[in-house]
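Architecture at a glance
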Amino acid sequence: MTRFGLPLLALLSAVACAQVPSSKEVDSVYPDAHALYLDLHQNPELSARETETAAKLAARWRSAGYEVTEHVGGTGIVALLKNGPGPIIMLRTELDALPVEEKTGLPYASKARAKDDAGRDVPVMHACGHDLHMAAILGTAEIMARSKNTWHGTLMLIGQPAEETIGGAEGMLRDGLFTRFPKPDVAVALHVGNELPAGMVSITPGVYNTNSDSVRLTIYGKGGHGSAPHTAIDPIVIAARTILALQTIVSREVKPGEMAVVTVGYIQAGTKNNIIPDHAEMGLTVRTFKQDVRKQILAAITRIAKAEAAAAGAPREPLVERYEGTDLVYNNPALAERLRTPLEAALGKDKVVTAEPITPSEDFSYFIEQGVPGFYFSLGGADPEEFARAKAARTTLPSNHSPRFAPDLDPALHAGIIAEVAVVRNLLNSSPEELHRLTAAQPTQ
């Protein structure tokens, strides 16, 4: 097939190359992005409390020429840059950090502490790379504002709070994200991790990650003296039996080959070694791909918890609470394949790979569930030499949420800016009708 005498693939490649940000463009914004990263990394804020973080990002977007609205769904930010008729493309970053004590040894390591929702004093760290996401989106925002002759339409930047607690996207939507502001034709986001060397990206067409459910189990017993257990009903023993029984859900109830994870992340009970408490609390995370498997596992957790309590003669049934959750993120396959071309043109064909779905979850899915086709891709953050050594030794580098997680900053940030600009420029050189036809051919899950 040809167009204007050129093979179609060659034409598409030429167009993609024209949308790649030049080294001059990237170099012009990199100092700002780098400085923001260092600031944010040293001054992280917990979920739904990102007041200073949001203010810093909003001020920089406003300075770049965007129409900025703050306090959307709490600390959320919406920034619009209108450039004539065309599609509306949303690019999202997260704002929040985690209650983790940083142990990277970096000269700019976080020493921040804050009160969590329970009033406890906790360390705070950007252990999931959201600081790099914000730095990259700043660089992207500045390049797009300075090069309006290269695209048309509306670029919609989102600073989303509370991703780590799976509440920020839903909160922004409840506050009118897609009614007070234009509803986008496509939503885009990235995430940095040590699964790839810095400078690379991966694409996962279709299912990108998992459904996630957080479950709290409160088991009730009868308190008493540790020296006289026969006078009490020990909830810690019930909890221990329950933990072991929960592991049989995946190994014995879920069909072999189906993806499922049930992890008990904490157990809290008692105050002293010789006191049997009257209750114990456990926190679980559940990850699945399929909705029927999800329902099966949640029902099994309730059944097992009640049965173990009854077997021990507990005075009342346990309380089973699913207190947060999100559906999996689904990448529109046609959109993902289209965006492979500008990413390969921007970073190099050998720097763009196809990846399998991952087990972590996140609430970008809330935007997709509003009927917005999504493209969520992964950005490499690992030092290439360390990555190669770990691969040779069959070990893994510190993952997201580790106190030792730290991306290889310069190559990762450069690649993040380049990739985002290439993707949004490609989309903003389309018409809304073209994008609708593309994504309708392979709709969301």
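Residues take numbers from 1 onward in each chain, read along the sequence in its written order. Restriction of local features to residues with pLDDT of at least 70 applies here, the model being predicted, together with a cutoff of 80 or more for giving and counting side-chain atom pairs; totals for whole chains, interfaces and linings are based on all residues. To obtain the side-chain values, all non-hydrogen atoms of the structure were used and water was disregarded.

Focus on the sheet that holds strand S19 (residues 352-354)
Backbone-to-backbone hydrogen bonds join strands into a sheet, with any given pair of strands oriented parallel or antiparallel. Note on pairing: two strands pair once DSSP finds at least 2 bridges between them. Strands here mean DSSP runs of E at least two residues long; helices mean DSSP runs of H or I at least four residues long; both are numbered from the N terminus. Taken in spatial order, the eight strands of this open sheet run S3-S4-S8-S5-S9-S20-S10-S19, and their pairing is mixed. Either end of the sheet is taken by a strand with one partner, and the two such strands are strand S3 (67-72) and S19. Sheet twist, expressed as the average angle between the axes of neighbouring strands with direction ignored, equals 25°. Here helix H11 (residues 409-427) sits on the sheet in contact with strand S5 (88-94), strand S8 (153-160), strand S9 (186-197), strand S10 (201-203) and strand S20 (374-382), set at roughly 160° to S20. For helices, the axis comes from a line fit to the C-alpha atoms of the stretch in contact; other axes are also lines fit to C-alpha atoms, and the angle between any two N-to-C directions lies between 0 and 180 degrees. Contact criterion: two residues are considered in contact whenever any of their non-hydrogen atoms come within 4.5 Å of each other.

Quick notes on the nonpolar core
Buried residues of nine kinds, namely Ala, Val, Leu, Ile, Met, Phe, Trp, Tyr and Cys, make up a nonpolar core once their side-chain atoms join them within 4.5 Å. Here the term buried applies to any residue with accessible area under 20% of the maximum for its type, exposed to any over 50%, and partly exposed to those in between, with areas from a 1.4 Å probe on protein chains only. Within the largest apolar cluster, 66 residues are counted, with the highest numbers of intra-cluster contacts made by Trp61, Tyr66 and Phe375. Element by element, the count of residues in this core is highest for H11, at twelve residues. Each residue touching Phe375, except ones within four places of it in the same chain, is listed here: Ala187, Val188, Ala189, Ile203, Asn331, Leu335, Ala336, Leu339, Leu343, Phe364 and Val423. Core analysis: the second largest hydrophobic core is formed by 24 residues, Val78, Leu173, Ala187 and Ala189 among them.

Side note on the packing of aromatic side chains
Working definition: rings of Phe, Tyr and Trp (its six-membered ring) pair if their centres are within 6.5 Å, and the pair is stacked with planes under 30 degrees apart, edge-to-face with planes over 60 apart, and tilted otherwise. This structure, assessed with the given rule, holds six aromatic pairs. Between the aromatic rings of Phe178 and Phe367, the centroid separation amounts to 6.2 Å while the plane-to-plane angle is 50°, which identifies the pairing as tilted. Of this pair, Phe178 sits in the loop between helix H5 (168-174) and S9 while Phe367 sits in helix H9 (residues 365-368), placing them 189 residues apart in sequence. Residue Phe178 shares its accessibility class with Phe367, and that shared class is buried. Here the aromatic rings of Phe375 and Phe377 are separated by 5.2 Å at their centres, their planes lie at 20°, and the arrangement is stacked. Residue classification places Phe375 among the buried positions, given a relative accessible area of 0%. The rule is short: NZ of Lys or CZ of Arg within 6 Å of the ring centre and within 35 degrees of the ring normal puts a charge over the ring. Positioned above the aromatic ring of Tyr323 is the side chain of Arg216, whose terminal nitrogen or guanidinium carbon lies 4.3 Å from the ring centre. The ring of Tyr220 has Arg316 sitting right over it, with the charged end atom 3.8 Å from the ring centre.

Let's talk about the side chain of Gln160
Among the secondary structure elements, Gln160 is positioned in strand S8. For Gln160, a relative accessible area of 0% corresponds to the buried category. Leave out the neighbours within four places in its chain, and Gln160 touches Arg92, Thr93, Glu94, Leu95, Gly168, Ala169, Met172, Asp363 and Phe367.

Section: the packing of helix H8 (residues 333-347) against H11
In contact at an axis separation of 9 Å, H8 and H11 are set at 130° when each is read in the N-to-C sense. The angle between H8 and H11 falls in the class oblique. As H8 packs across H11, the resulting crossing turns out to be right-handed. On H11, the residues touching Leu335, Arg338, Leu339, Pro342, Leu343, Ala346 and Leu347 of H8 are Ala415, Ile418, Ala419, Ala422, Val423, Asn426 and Leu427. When residue character is reported, Ala, Val, Leu, Ile, Met, Phe, Trp, Tyr, Cys and Pro are called nonpolar, Asp, Glu, Lys and Arg charged, and the others, Gly included, polar. For the contact of H8 with H11, the class distribution of residues is twelve nonpolar, one polar and one charged. When an angle is under 35 degrees it counts as roughly parallel; over 145 it counts as roughly antiparallel; between 65 and 115 it counts as roughly perpendicular; any other value is oblique. Each crossing gets its handedness from the near helix: less than a right angle anticlockwise from the far helix is left-handed, clockwise is right-handed.

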